[in-house]
Every structure is written in structure tokens, then in C-alpha cells.
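Secondary and tertiary structure notes
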Amino acid sequence: MTALLEVEDLHVEFRTRDGVAKVLNGVGYHVDAGETVAVLGESGSGKSVTAQTIMGILDTPPAVVTRGAIRFHGEDLLAASEERRREVRGDGIAMIFQDALSALNPVFTVGFQIEEQLRVRRGMSRKDARARAVELLDLVKIPNAANRVREYPHQFSGGMRQRAMIAMSLALDPEMLIADEPTTALDVTVQAQIMDLLREIQQERDMGLILITHDLGVVADVADRIAVMYAGRIVEHADVFQLFRAPGHPYTESLLESLPRLDLKGQELKTIKGLPPSLTHIPSGCPFHPRCPRAVDRCATEVPADHRLGLDRTSACHFAEEVVSRG
């Protein structure tokens with residue numbers, strides 16, 4: 001059965017004056033209808049660049065896709081024309097951006113920004129588009145939607161702006177939704193509300209959802225599968241329960257150990273030593289080896305293959321079986 005979305009062996013470089021940054025190095029994962037795949041990793045690991053490549057909104061140059069495929073319903077979007085990519089954007093795949101205040105245009109009302117795509121892409125009249133915009137704002141639980149549709153982004157709170165972004169992304173009834181850090185800078189209560197809203201809408205519409213985040217707590221509640229990224233590569237791919245029960249890569253293991261836990265009250269919180277590598281100078285061998293507590297000489301010279309640890313589970317570590325057995 002063909003996946004709704006499939007990313008295969010994706011390589012992206014940023015060619016700058018300071019050198020070539022290898023931002024994506026063979027990224028691959030798939031998403032089925034009604035499924036949530038969380039993409040985890042520190043800042044700079046390539047999570048958002050993967051999403052922007054899927055959407056076809058990378059700045060080219062300096063970004064260059066050097067290899068790979070992105071298949072939506074089996075159609076390779078990287079081989080499609082720009083006109084076809086525009087058709088898929090919004091109708092097939094939509095995206096919620098990380099900073100709603102920056103993503104929304106400050107000089108137009110929230111309602112106008114939702115209505116515009118309905119008039120252009122669906123040929124709706126202004127009256128019908130306005131009615132649909134109100135319905136969408138009501139769907140995402142914005143109170144008094146009929147009046148707030150006339151307000152500007154700065155008149156919305158952070159949580160309400162994020163809801164407006166979700167309404168805008170749903171306007172063309174997409175089959176796939178990419179949520180890039182949708183709860184950043186929101187307080188804990190609002191974060192929970194936004195995630196509950198996304199889950200509810202996804203279930204109603206049977207949408208595929210890619211959730212980009214660094215918050216392991218959010219992932220545990222909503223994801224079906226997790227893809228862990230480091231230095232532009234998927235280093236572990238697993239079912240959410242398998243990954244939390246027994247991580248199969250030292251990087252995933254370290255991320256989980258750095259989570260605050262109530263049963264460890266008063267103990268020093270573990271951290272991952274060092275910093276993520278510069279993508280213009282990725283270390284030889286396993287990119288994680290300079291920070292890895294398990295690293296041996298082999299790790300500095302030999303790039304680890306993706307070791308299969310079970311059905312739809314892989315780990316890019318020379319000692320994957322040993323790491324997962326410890327869990």
C-alpha cells in the first residue's frame with residue numbers, strides 16, 4: 001500500500017560564500033493517512049529544512065536539492081513542474097509555521113488572509129469566502145469568530161494567532177499537515193489546547209500529520225512514530241512506545257536522559273556534552289561520535305549504516321543492538 005507521503009534519500013546543500021553546508025544527508029521517512037510522525041532533534045538538525053523541501057518553499061539558491069525523492073500519493077514532487085507544486089501546496093499538503101506573528105501579514109486582517117486563498121484557488125465570491133473564513137475560525141475555537149475575522153494579527157494573543165494559522169492551513173482541506181514547532185513560545189496550558197485541537201482535527205479529517213518539535217513531552221502524547229534527526233540525517237526511526245521504552249541510538253538515549261523527571265527530584269539533570277556540529281564541517285564517521293559516551297575508534301572513521309531493529313524500526317549506530325538491549 002502506497003504511503004500518503006514518502007521522503008526517500010533526500011540530500012540538500014546550502015551553497016554559501018563560507019562553504020557548502022550539507023543540511024540534509026539522506027533523510028527518509030513516510031507518513032500514512034491519519035498517522036502522526038514526530039520529527040525530533042536539536043536546532044540545526046534539518047527538521048524544518050526537510051519540511052520546507054516537502055512544501056517546495058526553499059530559497060534556491062542557496063539551497064540545492066542534490067538527490068532524493070518526495071512522493072505524494074506516489075507522485076515525485078521534486079520531478080514535478082512548479083505549477084504542479086503550487087497545486088499540491090495548500091490543497092494536498094499545508095504547513096503551520098513556527099512563528100505565527102511573522103507568518104501572518106500584519107497589514108491585512110486575519111479574515112482577508114484566509115479568504116484570499118479561497119477566492120484564488122476555489123473561485124469563491126467575497127461573501128462566500130468570508131462565511132467560510134468565519135466557519136474555519138469557529139472550527140479552531142476562536143471565540144466570537146464573526147467579529148474577530150475583521151481583526152489584524154497584532155490584535156490576537158499568541159495562542160489565538162496560532163489557531164488562526166491552523167485555520168488558514170485547513171482552508172483548502174489538505175490531506176497532509178506539517179506543523180513546525182506549533183507550540184513554541186506558548187504557555188503550557190495553551191500548548192495543550194493547541195495539541196488537542198490538532199489531534200481532534202486530524203481525527204475528523206483522517207489527515208497525515210508531521211509534527212516537528214524538540215519537546216519530547218509533546219511527542220509522547222500525540223505521535224504514532226518518531227524520526228530522530230542529527231546533523232541532517234535520521235539516526236533513529238521507531239514506534240513511539242518502542243523508542244521511549246528502549247531507545248536504539250545513543251543520541252536518542254541522551255535526549256531522554258536529559259528530560260526532567262519527578263522520580264529524580266534533587267538529582268543533577270543530565271545533559272549532552274558539546275554542541276551539534278557545523279554543517280559545513282560535519283565530523284567524519286558517525287557525526288555524533290564527538291559527543292557520544294559510547295564512541296570508539298571505529299565511530300570516528302566509519303559512517304554507520306541503518307541497522308534494522310524490527311518492523312519499521314532502524315538505528316544508525318554501530319552498536320544499535322547493544323543500545324536497545326539496555327532499554
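In what follows, the accompanying structure is described.

About the criteria used
- Residues numbered from 1 in each chain as written.
- Predicted model: local features only at pLDDT ≥ 70, side-chain atom pairs only at ≥ 80, totals over all residues.
- Heavy atoms only, no water.
- Helix = DSSP H or I, 4+ residues; strand = E, 2+ residues; numbered from the N terminus.
- Rg over C-alpha atoms; globule rule 2.2 N^0.38 Å.
- Areas by Shrake-Rupley, 256 points an atom, 1.4 Å probe, with all protein chains shown as cover.
- Lys, Arg positive; Asp, Glu negative; His and termini not counted.
- Charge placed at Lys NZ, Arg CZ, Asp CG, Glu CD.
- Salt bridge = Lys/Arg side-chain N within 4 Å of Asp/Glu carboxyl O.
- Pairing = 2+ DSSP bridges.
- Axes fitted to C-alpha atoms, helices over the stretch in contact; angles between N-to-C directions.
- Contact = heavy atoms within 4.5 Å.

**Considerations on the overall build of the protein chain**
Counting its secondary structure elements, the protein chain contains 12 helices and 12 strands. For 327 residues, the compact-globule estimate of 2.2 N^0.38 gives 20 Å, and the C-alpha radius of gyration of the protein chain, at 21 Å, lies within 12% of that figure. Expressed along its principal axes, the backbone C-alpha trace of the protein chain runs to roughly 65 × 50 × 45 Å. Accessible area for the protein chain stands at about 15,900 Å²; split by element, carbon and sulfur atoms hold 51% of it. Counting 37 positive and 46 negative side-chain charges, the protein chain places the averaged centre of each group 3 Å from the other.

**Let's talk about the pattern of salt bridges**
Scanning all chains against the criterion turns up 25 salt bridges. Between Asp-173 and Arg-205 there is a salt bridge whose closest N-O contact spans 3.0 Å. Of the two residues, Asp-173 is situated in the loop between α7 (158-170) and β7 (176-180) and Arg-205 in helix α8 (residues 188-205); the sequence distance between them amounts to 32 residues. The residue Arg-313 makes a salt bridge to Glu-236 at a minimum N-O spacing of 2.8 Å. You can see Arg-313 sitting in strand β12 (residues 313-315) and its partner Glu-236 sitting in strand β10 (residues 233-239), a full 77 residues away along the chain.

**A word on the sheet that holds β7**
What the eight strands build is an open sheet, ordered β6-β7-β8-β3-β9-β10-β12-β11; its pairing is mixed. If you trace the sheet from one side to the other, it starts and ends with β6 (93-96) and β11 (307-310), each paired once. On average, each strand axis in the sheet is tilted by 25 degrees relative to the strand beside it, whichever way the strands run. Looking at chain direction, strand β9 (residues 225-230) and β10 are connected through six bridges and run antiparallel. What sits directly across from Val-228, in β10, is Glu-236. Across the sheet, helix α1 (residues 47-55) lies against β3 (36-40), β6, β7, β8 (208-212) and β9, angled at about 145 degrees from β6, the strand it touches most. Set on the sheet, helix α11 (residues 250-257) makes contact with β9 and β10; between it and β9 the angle comes to about 105 degrees.

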